[in-house]
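Here's the letter readout for the chains.
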Amino acid sequence: MAEEKKGFFKRLVSGLTKTRDNIVAGFDSLFTGYSTIDDDFYEELEEILIMGDIGINATTAILDRLKEQVKIRNIKDPKACKELLIETIKNQMTVDSTEYEFENRKSVILVIGVNGVGKTTSVGKLAGKLKDQGKKVILGAADTFRAAAGEQLTQWANRAGVEIIGGQDGADPASVVYDAVAAAKARNADVLICDTAGRLHNKKNLMEELRKIYRILEREYPEAYLETLVVLDGTTGQNALVQARQFAEVANVTGIILTKLDGTAKGGIAVAIQSELDIPVKYIGVGESIDDLQKFDANSFVDALFDIHPDE
Ligand SMILES: Nc1nc2c(ncn2[C@@H]2O[C@H](COP(=O)(O)OP(=O)(O)OP(=O)(O)O)[C@@H](O)[C@H]2O)c(=O)[nH]1
Ligand SMILES: [Mg+2]
């Protein structure tokens, strides 16, 4: 477990290289380039944060807190500000451990998002993780829209060593969810994870489809704790925020899975999401294999971003 986390941290550090070049390089020249902490200093810092996809809300919150602490602690040297900035960003991103309640209960995880963001892959990785925790996991292949989607999820089910309930291509997704719930109940599963279709829905279709799925879940499986995770592609930056907002309008979104943080220059979006949307990032993905998903941890994310190795 510790080894696995260490490996993941390394992949995260290397995955965030471009983001680091984008944000942290700017910090370094800021902290060494200024001799006093003045308005220009704060202005340049603000610009770096905004350009780094951290978002207006988070940037404002980070700056406010930083200014306050600089005053309270009577900090004069910009270099001494760096530690404080790192601490402030961490504070801004911390996820409450109660956010993973679905791990402790009989639950259904509904995974939604636009096409190609990494839904099916994340469902597979998540199944592997929960299975490793000793849970009985069942997958529901409710993407009946894209040909071969069921086949792709079946491969993941095999990799994770869990059962899958599928439907015919073109079948009603809600009917697949119905069958999957029946299987979950019959086998006394701990977690049912449902993959969904990622076509670029118009809002009305999406609402209609989700409403049908929610109705089945409420009616057939009221005892299950419902978690709705939106998958966002970390390489799309601000566009990911727009998508998350749209989904939050039609579903009770309880968390975010942020994928493809390996190799993006826009990893700062992880900081933005929470403060712009007030929805926690619960998992991050840094690659295509089954171990490349972990719970989001603000401390290690920011350490990885700044390439700080706390254990070494
Ligand atoms: N590098 C990288 N690739 C990823 C990650 N997550 C998913 N992918 C890749 O992204 C591509 C799309 O992933 P899928 O899981 O099929 O995405 P999807 O949202 O299910 O797509 P649709 O079902 O077509 O809407 C695949 O090639 C995945 O291997 C990640 O964290 N990092
Ligand atoms: Mg898919």
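Not measured: the values here are computed from a predicted model. (Residues numbered from 1 in each chain as written. Chains lettered and ligands numbered in written order. Predicted model: local features only at pLDDT ≥ 70, side-chain atom pairs only at ≥ 80, totals over all residues. Heavy atoms only, no water.)

**Brief notes about the site of ligand 1**
Logical step 1: In the vicinity of ligand 1 lie 19 residues, with Lys119, Thr120, Thr121, Asp262 and Glu288 positioned nearest.
Logical step 2: A distance of 2.9 Å separates an oxygen atom of ligand 1 from a polar atom in the side chain of Gln152.
Logical step 3: Between an oxygen atom of ligand 1 and a side-chain N or O atom of Glu288, the distance comes to 2.5 Å.
Logical step 4: Burial of ligand 1 by the protein amounts to 80% of the accessible area it has alone, namely 660 Å².
Logical step 5: When residues of the shell around ligand 1 are assigned to their parent elements, the largest contribution, four residues, is made by helix α6 (residues 119–132).
Logical step 6: Here the residues of the shell around ligand 1 sort into two nonpolar, ten polar and seven charged. (Near = heavy atom within 4 Å. Polar contact = N/O pair within 3.5 Å; in protein donor to acceptor, adjacent residues only side chain to side chain. Areas by Shrake-Rupley, 256 points an atom, 1.4 Å probe, with all protein chains shown as cover. Helix = DSSP H or I, 4+ residues; strand = E, 2+ residues; numbered from the N terminus. Nonpolar A, V, L, I, M, F, W, Y, C, P; charged D, E, K, R; others polar.)

**A closer look at the environment of Asn299**
Logical step 1: Topologically, Asn299 is positioned in helix α12 (residues 298–305).
Logical step 2: For Asn299, a relative accessible area of 42% gives the class partly exposed.
Logical step 3: Here the alpha-carbon distance between Asn299 and Ser107, two residues 192 residues apart in the chain, equals 28 Å. (Buried < 20%, exposed > 50% of the residue type's maximum accessible area, 1.4 Å probe, protein only.)

**Brief notes about the side chain of Ser107**
Logical step 1: Tracing the backbone through its elements, the reader meets Ser107 in strand β1 (residues 107–112).
Logical step 2: Residue classification places Ser107 among the buried positions, given a relative accessible area of 0%.
Logical step 3: A polar contact is formed between the side chain of Ser107 and the backbone oxygen of Phe102, at a distance of 3.0 Å.
Logical step 4: Non-local contacts of Ser107, meaning those with residues more than four positions away in its chain, are made with Phe102, Asp190, Val191, Leu192, Ala224 and Tyr225. (Contact = heavy atoms within 4.5 Å.)

**Details of the pairing of strand β5 (residues 225–233)**
Logical step 1: Burial analysis of β5 places seven of its nine residues in the buried class, which makes it a mostly covered element.
Logical step 2: With six bridges connecting them, β1 and β5 associate as parallel partners. When the bridges of β5 are listed, Ile112 appears paired with Val230.
Logical step 3: Here β5 pairs with strand β6 (residues 255–259) via five bridges, running parallel. Paired with Val230 across the two strands is Ile256, which belongs to β6.
Logical step 4: Between β5 and its parallel partner β6, the chain crosses via helix α10 (residues 238–250), and the hand of that crossover is right-handed. (Pairing = 2+ DSSP bridges. Right-handed = clockwise from strand over helix to strand, strands pointing away.)

**Section: the sheet that holds strand β3 (residues 163–165)**
Logical step 1: With mixed pairing, the eight strands of this open sheet are ordered in space as β3-β2-β4-β1-β5-β6-β7-β8. The outermost strands of the open sheet, each flanked by one partner alone, are β3 and β8 (293–295). Along the sheet, successive strands turn relative to each other by an average axial angle of 25°, direction set aside.
Logical step 2: Strand direction decides the pairing type here: β1 and strand β4 (residues 191–196), joined by five bridges, are parallel. Each bridged residue has a counterpart across the sheet, and for Ile109 the counterpart in β4 is Ile193.
Logical step 3: Where α10 meets the sheet, its contacts fall on β1, β5 and β6, and the angle it forms with β5 comes to roughly 155°. (Axes fitted to C-alpha atoms, helices over the stretch in contact; angles between N-to-C directions.)

**Side note on the packing of helix α4 (residues 56–72) against helix α11 (residues 269–277)**
Logical step 1: Two elements in contact, α4 and α11, have axes whose closest approach is 7 Å; the angle formed by their N-to-C orientations is 95°. When the axis of α4 is compared with that of α11, the two are roughly perpendicular. Along its contact with α4, which presents Ile56, Asn57, Ala58 and Ile62, the element α11 presents Val271, Ser275 and Glu276.
Logical step 2: Residue composition of the contact of α4 with α11, by class: four nonpolar, two polar and one charged. (Parallel < 35°, antiparallel > 145°, perpendicular 65-115°, else oblique.)

**Notes on the pattern of salt bridges**
Logical step 1: Applying the stated rule across the entire model yields 13 salt bridges.
Logical step 2: With a closest N to O distance of 2.7 Å, Asp292 and Arg11 form a salt bridge. One end of the pair, Asp292, is in the loop between β7 (281–285) and β8; the other, Arg11, is in helix α1 (residues 2–15), and 281 residues separate them in sequence.
Logical step 3: Among the residues examined, Asp292 registers a relative accessible area of 6% and is labelled buried.
Logical step 4: As a salt-bridge pair, Arg187 and Glu163 come within 2.5 Å of each other at their nearest N and O atoms. With a gap of 24 residues between them, Arg187 in the loop between α8 (173–186) and β4 and Glu163 in strand β3 connect regions that are remote in the sequence.
Logical step 5: Residue Arg187 is classed as partly exposed on the basis of its relative accessible area of 36%.
Logical step 6: The network of salt bridges with common partners includes Glu99, Glu227 and Lys282. (Salt bridge = Lys/Arg side-chain N within 4 Å of Asp/Glu carboxyl O.)

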